[in-house]
Amino acid sequence: MIKVTHVTKTYDDGKVRVEALRGINVEIKNGEFTAIVGPSGSGKTTLLNIIGGLDTPTEGNVIIGETNIAHLSENQLIDFRLNHIGFVFQSYNLIPVLTAKENVEFLMLLQNKSEAERDERTTKLLKAVGLEDQINKKPNEMSGGQQQRVAVARALASKPDFILADEPTANLDSASTANLLDIMYRLNQEENMTFVFSTHDQRVIDRAKRVITIEDGKILSDEIR
Amino acid sequence: MSFWDKQPYITFVPFVMLFKLAWRNIFRNKRRSIITVSSIIFAVIFAVFMRSLQYGAYGNMLKNIVSSYLGYIQVHKQGFWTEKTLDNSFSPEDITYLLDHENVSYLSYRIEGFALASKDDNSKPVALLGLDVQQEKNRLGLDKKVVQGEYFTNRKTGILVGIGLRDIMSLRLGDSIIFLSQGYQGSMASGSYPIIGFIDLKTPELNKRTVIMDLAQAQELFAMPNMVTTAVLGLKNDNWEETQQEVIARVDTNQLEVLNWNEMLPELQQLIAVDKAGGLFVLFILYSIITFSLFGTVLMLTEERSFEYGVLIAVGMAKNKVIIVAILETILMAITGIIAGLAFAFPVVLYFNIYPINLSGQMQEVVEKYGFEALIPTSLDPSIALSHAGIIFFIVLVVNMYTIVKIKRLEPIKAMRR
Ligand SMILES: Nc1ncnc2c1ncn2[C@@H]1O[C@H](COP(=O)(O)OP(=O)(O)OP(=O)(O)O)[C@@H](O)[C@H]1O
Ligand SMILES: [Mg+2]
């Protein structure tokens, strides 16, 4: 469960002041499949970064499970991200020198998981994203869609509470977009994994179970389907 | 205590992964890695070879001095070194007590005079050295330098003549040479001496003007019985600096002067100092170039990889681990370069230890003038190689401070902005 209360974010470099978020209140429950939508510059990325502990709010609190992440130190935040949050970025998510399998295994290594557990989970996840025959390929030997599927597998590997994805399909063609969405949707249905993603793409919005629309740093509408 | 604080700093399994990452990163830009490693190899070979040669040269010089005509320390009548006349002489009895010093093994006495040597219509000024032919035979290896005729084996009469002088004056074995000179306290000195051998002192300068006879004969020729101009102190160990000070404390310095090889060879001393400074300067330049080139590599690497570092930190990799991956990359390259450099340097240094380099130019002239060999075998002292390997490794660590600071300050969302 993610609880965002009265979050504001103001960027102020001394010359320009940008109020990227102006009082966001939102609650996301386990098992949701939620899209954050809105025009460019509306604050989607800023909100996802704050929820993911990559950025800190100017005001307000972000509570994930029992933890108020606004109170964590930098190193504690990094460790919190490792163990509680899965990330899929727009592109170039993967470590270029590692194979698909090694990329998925990577976070489990950082978590000091046993070899048996790592192997089992890596195999299972790569199968779930339909890449069981690509395990030894490096990122530059795979298509953008395949890379994003590896990124989803990696995000799941550390057994996070939820997965944040900022425009995961922005660089994909429509077939790959549909494929990635199918996989995410299935993982949500079958494993009850929570997904929160931002998007511009109407086809992606159509698949979401909940759509939060923001504009000018404020929530404009919150629609559960 | 937070969860984070309780984590072991680094556990083995991730370390293997970090190592793998660093290792594979080296091969991402092969050309740059090859250039980096080669520059380290070159620096190691160059620095080690240059220093081995320099230290070998100084070491050989010191070794030469022990067995040289000069010795480490000499005692003369006060003023002899600046005014080399026979009147500046003293009696050996005045200093025999120096043998009581624990580091003095022997004293060998000499007369160093000048004379006009004549044979038929030919005459040449020569340096006439009277020395104890038995005592100095072994120390100076004089008998081995006789190229024609024989050394004073069973006799103390006759003279040895430098081969240069032989050629100039067309001398042959058995010829007699007449010496004319001023003896002790203005007396006339003259005598005729048969040539028993020709000697090659290895340097043209010395060969052209040297004549050697037994000390007793020289004392007779110069009419100075029981007097000498020079006493060479034989030392048991190389601690000549301390011994000189102690000897100075024991003698009457109004009467006698005690000089060390440095003071007698100021030119050589200057050359060594200039050479050492030059060597240090070259090393300084070399290491500056290496530092800048390594810093350039580190700078490029850090900039290029910062997006990736951002991703790694975002997904939950501790900064310390990212730092390890980042600096391991250059450290592994440095270790490869250092080991390869040492591996290449060793045979080179060994070769020039077995087949020493012949000095040339000014250095050769000065060195040979004092009867030293102009050969320099490289020093095989392993501390030279180790210290330069260490310096380069240290430079790598220092330039990596940049990476460490950069990663410490890295904010993932900024690094990942494209
Ligand atoms: N680091 C920053 N410094 C200053 N202003 C920023 C910074 N990051 C974001 N902003 C501003 O905050 C506002 C919200 O940006 P944000 O990136 O969250 O929008 P977005 O909805 O993700 O847009 P897009 O759809 O284009 O990705 C924008 O006006 C942006 O210019
Ligand atoms: Mg955005």
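Here is a short report on the structure shown in this document.

Moving on to the interface of chain B and chain A. The interface of chain B with chain A comprises 31 residues on the first partner and 30 residues on the second. In this assembly, chain B packs against chain A so that about 2,600 Å² is buried in total across both faces, 67% of it on carbon and sulfur atoms. Run the count over chain B and chain A and you get three salt bridges. The salt bridge partner of Glu102 of chain A is Lys20 of chain B, with a shortest N-O separation of 3.1 Å. At the boundary of chain B with chain A, the tally comes to six residue pairs in polar contact (both at pLDDT 80 or more). Among the secondary structure elements, those contributing two or more residues to the side of chain B that touches chain A are α1 (3–6), α2 (12–26), α10 (266–314), α11 (319–354) and α14 (412–415) of chain B. Here the side of chain B that touches chain A gets seven residues from one element, more than from any other, and that element is α2 of chain B. For the side of chain B that touches chain A, a count of residues per class yields 18 nonpolar, five polar and eight charged.

This brings us to the site of ligand 1. With respect to spatial proximity, 14 residues lie near ligand 1, and among them Ser40, Gly41, Lys44, Thr45 and Thr46 of chain A are the closest. In this structure, ligand 1 is bordered by residues of chains A and B. Glu167 of chain A places a polar side-chain atom, nitrogen or oxygen, 3.3 Å from an oxygen atom of ligand 1. One of the side-chain N or O atoms of Arg417 of chain B is found 3.2 Å from a nitrogen atom in ligand 1. Within the complex, the protein chains bury 66% of what would otherwise be the 630 Å² of accessible surface of ligand 1. For the shell around ligand 1, the secondary-structure elements that each account for two or more residues are β2 (17–28) and α1 (44–51) of chain A. Counting residues per element, the shell around ligand 1 draws most heavily on α1 of chain A, at three residues. Residue composition of the shell around ligand 1, by class: four nonpolar, seven polar and three charged.

Moving on to the environment of Tyr58 of chain B. All names here are of chain B. Position of Tyr58 among the secondary structure elements: in helix α3 (residues 30–66). On the basis of relative accessibility, which here comes to 9%, the residue Tyr58 falls in the buried class. Put simply, Tyr58 and Tyr97 are 39 residues apart on the chain and 32 Å apart in space, counted from C-alpha to C-alpha. When sequence neighbours within four positions are dropped, the list of residues in contact with Tyr58 reads Ile272, Asp275 and Lys276.

On to unusual backbone geometry. Residue and element names in this part refer to chain B. Positioned with a positive phi, Gln185 is a non-glycine residue whose angle comes to about 50°. Tracing the backbone shows Gln185 in the loop between β6 (176–182) and β7 (188–199). For Gln185, a relative accessible area of 60% translates into the label exposed. In this structure, Ala223 takes a positive phi of about 55° despite not being glycine. Accessibility expressed as a relative area gives 35% for Ala223, which makes it partly exposed.

Within this structure, the stated rule accounts for 16 aromatic pairs over all chains. Geometrically, the ring pair formed by Phe295 of chain B and Tyr402 of chain B is edge-to-face, given 5.5 Å between the ring centres and 75° between the ring planes. Within this pair, whereas Phe295 of chain B is found in helix α10, its partner Tyr402 of chain B is found in helix α13 (residues 382–409), the two being separated by 107 residues in sequence. On the basis of relative accessible area, Tyr402 of chain B is assigned to the partly exposed category, the value being 23%. Each residue in the set Phe33, Tyr185, Phe195 and Phe197 of chain A is aromatic and connected to the rest through ring pairs, giving one cluster. Sitting over the ring of Trp81 of chain B, Lys84 of chain B keeps its end group 4.0 Å from the ring centre. The ring of Phe198 of chain B carries Arg166 of chain B above its face, with NZ or CZ at 5.4 Å from the centroid.

Criteria and cut-off values
- Residues numbered from 1 in each chain as written.
- Chains lettered and ligands numbered in written order.
- Predicted model: local features only at pLDDT ≥ 70, side-chain atom pairs only at ≥ 80, totals over all residues.
- Heavy atoms only, no water.
- Contact = heavy atoms within 4.5 Å.
- Buried area = accessible area lost by both parts, 1.4 Å probe.
- Salt bridge = Lys/Arg side-chain N within 4 Å of Asp/Glu carboxyl O.
- Polar contact = N/O pair within 3.5 Å; in protein donor to acceptor, adjacent residues only side chain to side chain.
- Helix = DSSP H or I, 4+ residues; strand = E, 2+ residues; numbered from the N terminus.
- Nonpolar A, V, L, I, M, F, W, Y, C, P; charged D, E, K, R; others polar.
- Near = heavy atom within 4 Å.
- Areas by Shrake-Rupley, 256 points an atom, 1.4 Å probe, with all protein chains shown as cover.
- Buried < 20%, exposed > 50% of the residue type's maximum accessible area, 1.4 Å probe, protein only.
- Phe/Tyr/Trp six-rings, centres within 6.5 Å; stacked < 30°, edge-to-face > 60°.
- Lys NZ or Arg CZ within 6 Å of the ring centre and 35° of its normal.

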